[in-house]
Amino acid sequence: MTPRKKQTWTTEDSTKLYRVHDWGGGYFDVSDQGEVTVKVRFPSGEQRVSLMDIVAGANQRDLQMPLLLRIENLLDAQIALLNESFRQAIAERGYRGTYQGVYPIKVNQQRQVIEEIAKFGARYNHGLEAGSKAELIVALSSLPGNDSIVICNGYKDEEFIDLGLRARKLGYRCVFVIETPTELPIILERSKALGIRPFIGMRAKLATTAGGHWNKTSGDRGIFGLTTTQLIGIVDALKEHDMLDCLQLLHCHLGSQIPNIRDIRQAAMEACRYYINLVQEGAPMGYIDLGGGLAVDYLGSKSNNIQSRNYTIDEYCADVVEVIMESLDAHQIPHPIIVTESGRSTVAYYSLLLFNIFDVTHFEPAARPESPPEGENPLIHNLYDTLGRLTQSNVQHCYNNTVYYRDEIREMFKRGQVSLRSRSLAENLVLEIFQRIIDLLDQEGEMPPELKGLREQMADIYYGNLSIFQSLPDCWAIGQVFPIMPIHRLAEKPSRDAIIADITCDSDGRIDNFIDAYGTRRTLSLHPLKENEEYYLGAFLVGAYQETLGDLHNLFGDTNVVSVRINEDGSFDITRETEGDSIADILGYVQYNPKDLLERFRDNAERAVRAGSISVPERQDILKTFEDSLRGYSYYET
Ligand code: PLP
């Protein structure tokens, strides 16, 4: 493919092309040097740090690509934003309750995430949500205890309940959110046995459903929550055991990544009806928990596309406060503490994956004879003619003919009627015609619908040093789109159209869906590679759900991780570095013992020495290579 014509290109053009200001949440920008910067606000002003400076710092520490970069300030900023937005919405509307945020551990369970949320979130008394026993253990050992709230969702057995009940003695507000009626007898029995009264919540199954990938979370067939009959049954059972006073929280969760604010309002309205009825039943209540769902605008389109959201965090908070207030005021019911379990929005911005490109395949026509060689197949003559006749006014016709001739030649090749050389000439002519069509249409600016796929067909394949299965699993599993762009050379026009292939040997290991205005596009504009210079890309907004959902496909392990804190003077500290899995680590996960492997390989080498195929020094070299590989990083090393 011939590079497009060079025009004056500025960093502003790159900022627009990659839509940095649209998805970046105010945290990312492009510097005059053409590098992506992270922006952090301090009381004394704003500081920007180039991602390339961070990459240089990591390189000096021998931390190779791919590299997961965590920027601690962004996690703090998102926690502050959510809490301050609720505070403001509450103050502006005269709401007579407060806001209590909890972070759902499952969204990113990594120790440093939880520790940072516990530390920074302490000023807002930000709590945690646990959906399993393991997560409860994390919550109880991370939060200080004094009045920290821990929402216990998920299916709870006796051990889970005992731990939650006992933790109440240390001051934790552990709320058992009843997900299924079978949990109630266990809670009643254990609280009697331990002499500790439980703090109970109930999860209602909402009829409201939302747009987006997780819309099966709610609705009649949602697998979570209690039906109206089950709710009434639990209320009656609590009354019977004289424990209705323990019922203090109503929980609901519409699903993650709710793109449309109207769905959030509808869900909050329905939740309020449940809340009002439970108060009328005599439960003290006091907390309304609306779960997660606060979306991230991955596309930056501010729309109700499922990868976006048509509201800001301020608007989300304002609407939630308004709906609860209006609904409850009509019944003179005191305003409850509003709880939300925002995960995605809290952690998405915090992590980004940096990776280098280690190879490229171009789909470019090779040199060919000026005119058809003598005696060549008539179809090849036709392709030469088509190339000669191609103009802006007949692109569609020429395209149709070209595809027809190409397919005929391929058929004839299968039947042995066309030689490899002739087929190769034909394929080259086809590439040349396709490229000419793209160039002609670029001048016109419009692509006829049938030719839309042509750019993708001709796009380069850039081989990225990452495993999508390990680092961006939602990209593969559910078609999640993450903003991806080069982090440097942004003062240069990116002249290539490309898709990205990862390092696994799997045809699903590709990224061919990228953000675009109001939707997605199949190719990404990238720069041509330069000899002896690394080309770095970043996949942004990957802090939520990606890390632990990732898997070991093709035995690519955890990447190197670096945590950075940006300081008020514009410097940055690498606060933590975690080496990615070595090959020996990964083999251990799949039950190989690296020591045994080495021994077996040594036996093989020794046999080769005995058979005279290698010398002893050669044996030593081979064994050293084997041992070095075991200790090495699983990704492409340069
Ligand atoms: N709460 C519950 C019960 C959930 O199931 C989830 C995730 O789906 C969340 C909170 C987090 O949702 P989000 O990441 O959309 O904030």
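Residues numbered from 1 in each chain as written. Predicted model: local features only at pLDDT ≥ 70, side-chain atom pairs only at ≥ 80, totals over all residues. Heavy atoms only, no water.

A. Just the overall build of the protein, in detail. Each helix and strand in the protein was counted, giving 22 helices and 23 strands. Its C-alpha atoms give the protein principal-axis dimensions of roughly 100 × 75 × 55 Å. Looking at the protein as a whole, 56% of its 638 residues are labelled buried. Put simply, 75% of the contacts in the protein that link residues at least 6 apart link residues at least 24 apart. By element, 49% of the accessible surface of the protein is carried by carbon and sulfur atoms, the whole surface being about 28,100 Å². If you average the places of the 65 positive and of the 90 negative side-chain charges in the protein, the two averages end up 2 Å apart. (Helix = DSSP H or I, 4+ residues; strand = E, 2+ residues; numbered from the N terminus. Buried < 20%, exposed > 50% of the residue type's maximum accessible area, 1.4 Å probe, protein only. Contact = heavy atoms within 4.5 Å. Areas by Shrake-Rupley, 256 points an atom, 1.4 Å probe, with all protein chains shown as cover. Lys, Arg positive; Asp, Glu negative; His and termini not counted. Charge placed at Lys NZ, Arg CZ, Asp CG, Glu CD.)

B. Structural detail: helix α22 (residues 616–631). Between its first and last C-alpha atoms α22 spans 23 Å; for 16 residues at 1.5 Å apiece the expected length is 22 Å, and the two agree. Residues of α22 that are buried include every one of Arg619, Leu623 and Leu630, and no others. Angular distribution of buried residues about the axis of α22 spans 30 degrees; they occupy a single face of the element. In α22, the exposed residues that point more than 90 degrees away from the buried face are Pro617, Asp621, Lys624 and Arg631. (Expected span 1.5 Å × (residues − 1). Arc of directions from axis to C-beta.)

C. View of the state of the cysteines. Counted under the stated rule, the structure contains zero disulfides. Note on Cys174: no disulfide assigned, nearest cysteine sulfur contributed by Cys152 at a separation of 4.7 Å. Looking at Cys174, the relative accessible area reads 0%, which means it is buried. Unpaired in terms of disulfides, Cys252 finds its nearest cysteine sulfur in Cys272, a separation of 8.7 Å. (Disulfide = S-S within 2.5 Å.)

D. Layout of the site of the ligand. Around the ligand there are 14 residues in total, and Lys106, Ser256, Glu341, Gly343 and Tyr545 lie nearest to it. One of the backbone N or O atoms of Arg344 is found 2.9 Å from an oxygen atom in the ligand. In this structure, an oxygen atom belonging to the ligand sits 2.6 Å away from a side-chain N or O atom of Tyr545. The residue inventory of the shell around the ligand, partitioned by class, reads two nonpolar, eight polar and four charged. (Near = heavy atom within 4 Å. Polar contact = N/O pair within 3.5 Å; in protein donor to acceptor, adjacent residues only side chain to side chain. Nonpolar A, V, L, I, M, F, W, Y, C, P; charged D, E, K, R; others polar.)

E. Fine view of the sheet that holds strand β12 (residues 337–340). Strand order in the closed barrel formed by eight strands is β5-β6-β7-β8-β9-β10-β11-β12, and the pairing between neighbours is parallel. Strand-to-strand, the axes of this sheet are offset by a mean angle of 25 degrees, without reference to chain direction. Two elements, strand β7 (residues 149–152) and strand β8 (residues 173–178), share four bridges in a ladder whose sense is parallel. For Ile151, the partnering residue across the bridge sits in β8 and is Val175. With respect to the sheet, helix α10 (residues 261–280) is in contact with β9 (199–203), β10 (247–251) and β11 (287–289), its orientation differing from that of β10 by roughly 165 degrees. (Pairing = 2+ DSSP bridges. Axes fitted to C-alpha atoms, helices over the stretch in contact; angles between N-to-C directions.)

F. Summary view of the sheet that holds strand β2 (residues 36–42). One open sheet accounts for three strands, arranged β1-β2-β3; its pairing is antiparallel. Two strands bound the open sheet, and with one partner strand each, they are β1 (28–30) and β3 (45–50). Pairs of neighbouring strands in the sheet enclose a mean axial angle of 40 degrees, with direction left out of account. One ladder, built from three bridges, connects β1 with β2; its direction is antiparallel. Directly across from Asp29, in β2, lies its bridge partner Thr37. Across the face of the sheet, helix α3 (residues 51–60) comes into contact with β2 and β3 while running at roughly 55 degrees to β3. Most of the contacts of helix α4 (residues 72–93) go to β2, to which it runs at about 50 degrees, and overall it touches β1 and β2.

G. Broad picture of α3. Leu51, Met52, Ile54, Val55, Gly57 and Ala58 are the residues of α3 that are buried. In this structure Ser50 caps α3, since a side-chain oxygen of it lies 3.0 Å from the backbone nitrogen of Met52. Positive backbone phi, at 70 degrees, marks Asp62, one or two positions downstream of α3.

H. Main features of the pairing of strand β5 (residues 99–104). Burial within β5 is extensive, with six of its six residues counted as buried. In this structure, β5 lies alongside strand β6 (residues 127–130), joined through three bridges in parallel fashion. The residue bridging Val102 from the neighbouring strand is Gly127, located in β6. This β-α-β element, β5 to helix α5 (residues 111–121) to β6, shows right-handed connectivity. (Right-handed = clockwise from strand over helix to strand, strands pointing away.)

I. Focus on the environment of Tyr462. By secondary structure assignment, the location of Tyr462 is in strand β14 (residues 460–464). When the C-alpha positions of Tyr462 and Ala501 are compared, they lie 6.1 Å apart, and in sequence the two are 39 residues distant.

J. Region of interest: the nonpolar core. Grouped together as the largest cluster of nonpolar side chains are 153 residues, with contacts concentrated most on Phe28, Leu51, Leu247 and Phe540. Tallying contributions element by element places α10 first for this core, with ten residues. Sequence-distant contacts of Phe540, defined by excluding residues within four places in its chain, comprise Trp23, Phe28, Val36, Leu51, Ser351, Leu352, Phe482, Pro483, Met485 and Ile487. Membership of the second largest hydrophobic core comes to 29 residues, among which are Tyr399, Tyr405, Ala426 and Leu441. (Core = buried A, V, L, I, M, F, W, Y, C linked by side-chain atoms within 4.5 Å.)

K. Geometry of the packing of aromatic side chains. Taken as a whole, this structure holds 19 aromatic pairs when the rule is applied. Aromatic pair Phe469 and Trp476: ring centres 4.9 Å apart, planes at 65 degrees, arrangement edge-to-face. Overall, the relative accessible area of 2% leaves Phe469 in the buried class. For Trp476, a relative accessible area of 38% translates into the label partly exposed. Seen in terms of ring centroids, Phe601 and Phe626 are 4.1 Å apart; in terms of plane orientation they differ by 10 degrees. Their pairing is stacked. Of this pair, Phe601 sits in helix α21 (residues 594–610) while Phe626 is found in helix α22, placing the two residues 25 residues apart along the sequence. If you follow Arg123 out to its NZ or CZ, it ends over the ring of Phe120, 3.9 Å from the centre. Over the aromatic face of Phe413 sits the side chain of Arg423, whose NZ or CZ is 5.0 Å from the ring centroid. (Phe/Tyr/Trp six-rings, centres within 6.5 Å; stacked < 30°, edge-to-face > 60°. Lys NZ or Arg CZ within 6 Å of the ring centre and 35° of its normal.)

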